[in-house]
Amino acid sequence: MRPLILGVLGCSLVLSVQGFYSASDDVIELNPSNFNREVIQSDSLWLVEFYAPWCGHCQNLTPDWKKAATALKGIVKVGAVDADQHKSLGGQYGVRGFPTIKIFGANKNKPEEYQGGRSSQAIVDGAMNALRSLVKERLSGKSGGSGYSKQVDPILHLCRSFLLQQSGGGSGGSKKDVVELTDDNFDKMVLESDDVWLVEFFAPWCGHCKNLEPEWAAAATAVKEQTKGRVRLGAVDATVHQAVSSRYGIRGFPTIKIFRKGEEPEDYQGGRSRGDIIERAMDLFSDNAPAPELLEILNEDILKKTCEDSQLCIIGVLPHILDTGAAGRNGYLEVMMKMSEKYKKKMWGWLWTEAGAQMELEASLGIGGFGYPAMAAINTRKMKFALLRGSFSETGIHEFLRELSVGRGSTATFGGGSMPKIHTVEAWDGKDGQVSTDDNMKHRTFCCDSAAQINRPVVVFVSVFTPNIKMENLYLKQ
């Protein structure tokens, strides 16, 4: 009986580790016999996971990988390679850890490493960003694919199919999502808005306007949902509201213009299908998306949440408040916020902490104790980091991040091979620091504990904050 039980348990364990993907899943299982045919010779964009059945992170990724594959079905191919079994295939693409995800795009022989988050939403977002880049390359003639005519680009077709699915397939959308604009409400609704607007100027008798109407309505519904209302579509009957129409020199119908706050309106030059309109709207959305929030590391959850779904986390370690005051600290934070705005399309996480507040983190990055302000870019999935070697300025940080963006710059592995302990601390109140009597006493240690020892040497440890925040140990003997 005992061997039978052990045998059943053994079979159960084998099934549990080998049953990652099945024929019913939308994940395509790849191996050396089909990889070249399915991936390399394909014109499709592929996301391929290289995994090992015994890998815990791979097991955690499996449900999200399946969910992403289902969402991307017919748009982006999603595959998986058991690199523990097919070591030659993993070695061919430099796989050294699990799971490793590669993007096989325009140049199938040189796949890119996927650096995004591991949630299904992050995977889908990463796939669509890669798809958009591939489409732009093909439209510009930089990449010809694998022999397909540029006039019938399958990837462009798939991208537009995806956009159509997001807008409700072939349905006409909802006219209520197209904002009716007039001479009376145009300035308030459009010019004074922080949102981006695509505005159609039409005439009711215009045949082209009638053809555009269902496409415009469908696009309006999709764009409203996907941008959370940050990009809006409106329409002006130019035969009725002639004041605003003449202000922008409308002479033909339909005319579509793009309005961004504080900028001159721009003529829309794209196609008139809902897919074309949505694609342009999403480009405008990414261009005008707010910069990621710069957060203080107050606890482990903030660090984890910010970094897990980001390719990189940029962490600034700022001088103690007693050394810079509020004005100095705000100056450093302003530099970081400007750089987060500059690199917002990267969707990196941005964090900061005060020197000494997270000593284990500083030690693991090799920062601790000197050289503040300091900055590190960390990849929590690879447990790698890079340090800013230049100045903590817009120019210095830009050079640092630009090198990282193109895959250059030296990196190191976290000390201990894992994320350090993060302490729970109170948030900075925005004010200058105050030195209390207790804090002052903490910096002094006296070795005399009786009157008889009064004439013995006394060692005093004083922690001195210098302008460049270097901690100096001064030993004073009497």
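Computed from a predicted model, the values in this text were never measured in an experiment.

J.: Describe the packing of aromatic side chains, naming the residues involved and giving the relevant values.
T.: Taken as a whole, this structure holds 17 aromatic pairs when the rule is applied. Their ring planes at 80 degrees and their centres at 5.1 Å tell us that Y248 and F259 sit as a pair that is edge-to-face. A residue pair is termed long-range when its members are at least 10 positions apart, and Y248 in the loop between α9 (242-247) and β9 (255-259) and F259 in strand β9 qualify at 11 residues. By relative accessible area, Y248 is classed as buried at 16%. When the ring of Y332 is compared with that of F392, the centres are 5.5 Å apart and the planes differ by 85 degrees; the resulting orientation is edge-to-face. In this pair, Y332 is assigned in helix α12 (residues 321-342) and F392 in the loop between β15 (384-387) and α14 (394-405), connecting sequence segments 60 residues apart. Judged by relative accessible area, Y332 falls into the partly exposed class, the value being 23%. The class for F392 is buried, based on a relative accessible area of 13%. The structure contains a cluster of three or more aromatic residues connected by ring pairs, namely F35, F50, Y93 and F104. Sitting above the plane of the W428 ring, R329 keeps its charged end 4.9 Å from the centroid.

J.: Quick one: what's the story with the side chain of E296, residue by residue and with numbers?
T.: If you trace the backbone, E296 turns up in strand β11 (residues 294-296). Look past the residues within four positions of E296 in its chain and what remains in contact with it is I302, W352, E426, A427 and W428.

J.: Requested: an account of the confidence of the model for the protein, with residues and values cited.
T.: Across the protein, the average pLDDT comes to 80, with 79% of residues at 70 or higher. Confidence drops under a pLDDT of 50 for residues 144-172, and excluding neighbours within four residues, the segment shows 48 contacts in the predicted structure. Below pLDDT 50 for its whole length, residues 441-478 participates in 51 contacts with residues either more than four positions away or in separate chains.

J.: Before we move on, can you summarise the packing of helix α3 (residues 56-71) against helix α5 (residues 120-139) with the specific residues and values?
T.: Two quantities define a packed helix pair, namely the angle between the helix axes and the distance between the axes. Remark: α3 packs on α5, axes separated minimally by 8 Å, with the N-to-C direction vectors making an angle of 45 degrees. Relative to α5, the element α3 lies oblique. The hand of the α3/α5 crossing is right-handed. Contact with α3, carried on its side by L61, D64, W65, K67, A68 and A71, involves S120, I123 and V124 of α5 and no other residues of that element. Residue classes in the contact of α3 with α5 are distributed as six nonpolar, one polar and two charged.

J.: Please provide a residue-by-residue account of the state of the cysteines, values included.
T.: Here is the idea: a disulfide is a covalent bond, and it sits between the sulfur atoms of two cysteines. A full pass over the atoms with the stated rule returns one disulfide. Here C307 engages in a disulfide with C313; their sulfurs sit 2.1 Å apart. Measuring handedness by torsion sign, the sulfur bridge of C307 and C313 sits at about -115 degrees and is left-handed. With respect to class, C307 is no different from C313; both count as buried.

J.: Give a detailed account of the pattern of salt bridges, specifying residues and quantitative values.
T.: Under the counting rule described, the total for this entry stands at 21 salt bridges. Among the salt bridges present, the one from R230 reaches D195, with a minimum N-O distance of 3.3 Å. One end of the pair, R230, is in the loop between α8 (207-226) and β8 (231-237); the other, D195, is in the loop between α7 (186-191) and β7 (196-202), with 35 residues separating them in the sequence. Residue E334 pairs with K338 through a salt bridge whose shortest N-O separation is 3.6 Å. Of this pair, E334 and K338 are both found in helix α12, four residues apart, which corresponds to roughly one turn of the helix. Via salt bridges that share partners, R260, E263, E266 and R280 belong to a single interconnected network.

J.: Give a detailed account of the layout of surface pockets, specifying residues and quantitative values.
T.: Roughly 1,000 Å³ of internal volume is contained in the second largest pocket. Lining the second largest pocket we find 33 residues, and of these R118, T380, R381, K382 and M383 sit closest to its centre. Those elements giving two or more residues to the lining of the second largest pocket turn out to be α3, β4 (100-104) and α11 (300-308). By residue number, the principal contributor to the lining of the second largest pocket is α11, which donates five residues. Residue classes in the lining of the second largest pocket are distributed as 13 nonpolar, eight polar and 12 charged.

Calculation criteria
Residues numbered from 1 in each chain as written. Predicted model: local features only at pLDDT ≥ 70, side-chain atom pairs only at ≥ 80, totals over all residues. Heavy atoms only, no water. Phe/Tyr/Trp six-rings, centres within 6.5 Å; stacked < 30°, edge-to-face > 60°. Helix = DSSP H or I, 4+ residues; strand = E, 2+ residues; numbered from the N terminus. Buried < 20%, exposed > 50% of the residue type's maximum accessible area, 1.4 Å probe, protein only. Lys NZ or Arg CZ within 6 Å of the ring centre and 35° of its normal. Contact = heavy atoms within 4.5 Å. pLDDT = per-residue confidence, 0-100. Axes fitted to C-alpha atoms, helices over the stretch in contact; angles between N-to-C directions. Parallel < 35°, antiparallel > 145°, perpendicular 65-115°, else oblique. Left-handed = near helix turned anticlockwise from the far one by under 90°. Nonpolar A, V, L, I, M, F, W, Y, C, P; charged D, E, K, R; others polar. Disulfide = S-S within 2.5 Å. Salt bridge = Lys/Arg side-chain N within 4 Å of Asp/Glu carboxyl O. 1 Å grid on protein atoms, 1.4 Å probe; cavity = no way out; pocket = protein on both sides within 12 Å on 5 of 7 lines; lining within 4 Å. Points joined across faces, edges and corners; volume = space filled by probe spheres on them.

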